[in-house]
Amino acid sequence: TMSSSTEPTPMTKVLIFGGKTGWIGGLMGELVNKEEGMECFLAESRIENRADVEAELDKIKPSHVLMSAGITGRPNIDWCEDHKPETIRVNVIGTLNVADLCNTKGIH
C-alpha cells in the first residue's frame with residue numbers, strides 16, 4: 001500500500017481504454033503522444049471482459065491508465081434505454097473491472 005508521503009509515480013507508459021474508437025479517448029491519445037518521454041497504448045480489450053483487461057495490463061505494464069470507454073448508444077442514447085443489461089455490463093461492470101484491476105496492480 002502507498003502512504004501519503006510516497007512520491008507520485010511518473011507518467012511514463014499510458015494505456016487508454018476507449019482511445020481506439022472513442023472521441024475523448026482519441027483526444028487523450030493525441031495529448032499523451034505530444035509529451036516527451038511518454039509511451040501511449042490504445043487498449044484492445046473490451047472492458048467488460050475482465051480476463052482480457054487483466055492480460056492487457058500484464059502485457060503492457062502501464063504506469064497509468066486513462067479511462068474513457070463506455071457505451072453511449074448508437075444511433076443515440078435511446079439505445080441504452082432499450083439495452084439496459086448491455087449498457088450496465090460495459091458502463092458499470094466494465095469500469096469497475098478496470099478500476100479494481102488497476103487498484104490491485106498498483107497502477108494509477
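As the structure is a prediction and not an experimental result, all values here were calculated from the model.

Thresholds applied
- Residues numbered from 1 in each chain as written.
- Predicted model: local features only at pLDDT ≥ 70, side-chain atom pairs only at ≥ 80, totals over all residues.
- Heavy atoms only, no water.
- Pairing = 2+ DSSP bridges.
- Helix = DSSP H or I, 4+ residues; strand = E, 2+ residues; numbered from the N terminus.
- Expected span 1.5 Å × (residues − 1).
- Contact = heavy atoms within 4.5 Å.
- Buried < 20%, exposed > 50% of the residue type's maximum accessible area, 1.4 Å probe, protein only.
- Right-handed = clockwise from strand over helix to strand, strands pointing away.
- Patch = residues over 30% accessible without salt bridge, like charges linked within 9 Å, V, L, I, M, F, W, Y side chains within 5 Å.
- Areas by Shrake-Rupley, 256 points an atom, 1.4 Å probe, with all protein chains shown as cover.
- Salt bridge = Lys/Arg side-chain N within 4 Å of Asp/Glu carboxyl O.
- Axes fitted to C-alpha atoms, helices over the stretch in contact; angles between N-to-C directions.
- Parallel < 35°, antiparallel > 145°, perpendicular 65-115°, else oblique.
- Left-handed = near helix turned anticlockwise from the far one by under 90°.
- Nonpolar A, V, L, I, M, F, W, Y, C, P; charged D, E, K, R; others polar.

Draft legend 1. Examining the pairing of strand β2 (residues 39-42) more closely. Two strands pair when backbone bridges link them, and strand β1 (residues 13-17) and β2 are joined in this way by four bridges, in the parallel orientation. Bridge assignment links Ile 16 to a residue of β2, and that residue is Leu 42.

Draft legend 2. Seen up close, helix α1 (residues 23-34). The first and last C-alpha atoms of α1 sit 17 Å apart over 12 residues, in line with the 16 Å expected at 1.5 Å per residue. Those residues of α1 hidden inside the fold are in contact with β1, β2 and β3 (64-67).

Draft legend 3. View of the pairing of β1. Burial within β1 is extensive, with four of its five residues counted as buried. Tracing the backbone out of β1, into α1 and back to the parallel element β2 gives a crossover that is right-handed. With four bridges joining them, β1 and β3 adopt parallel strand pairing. Considered in β3, the bridge of Phe 17 is made with Met 67.

Draft legend 4. Up close: a nonpolar patch on the surface. Together, Ile 88, Val 92, Ile 93 and Leu 96 make up a nonpolar patch on the protein surface, roughly 350 Å² of accessible area in all. Along the chain, the position of Val 92 falls in helix α4 (residues 84-105).

Draft legend 5. Spatial organisation of the sheet that holds β1. Within the open sheet, the three strands sit side by side as β2-β1-β3. Their pairing is parallel. On the outer flanks of this sheet lie β2 and β3, each paired with one strand and no other. Recorded for the sheet is a direction-independent mean angle of 25° between the axes of neighbouring strands. Those strands touched by α1 are β1, β2 and β3, and its axis lies near 170° from that of β1.

Draft legend 6. Just the packing of helix α2 (residues 50-60) against α4, in detail. In contact at an axis separation of 10 Å, α2 and α4 are set at 40° when each is read in the N-to-C sense. In terms of axis orientation, α2 runs oblique to α4. In the crossing of α2 with α4, the sense of the turn from one axis to the other is right-handed. From α2, Arg 50, Val 53, Glu 54, Leu 57 and Asp 58 reach across to α4, where they touch Asn 97, Val 98, Asp 100, Leu 101, Cys 102 and Lys 105. Of the residues contributing to the contact of α2 with α4, the split by class is five nonpolar, one polar and five charged.

Read these as spatial facts, not as claims about activity.
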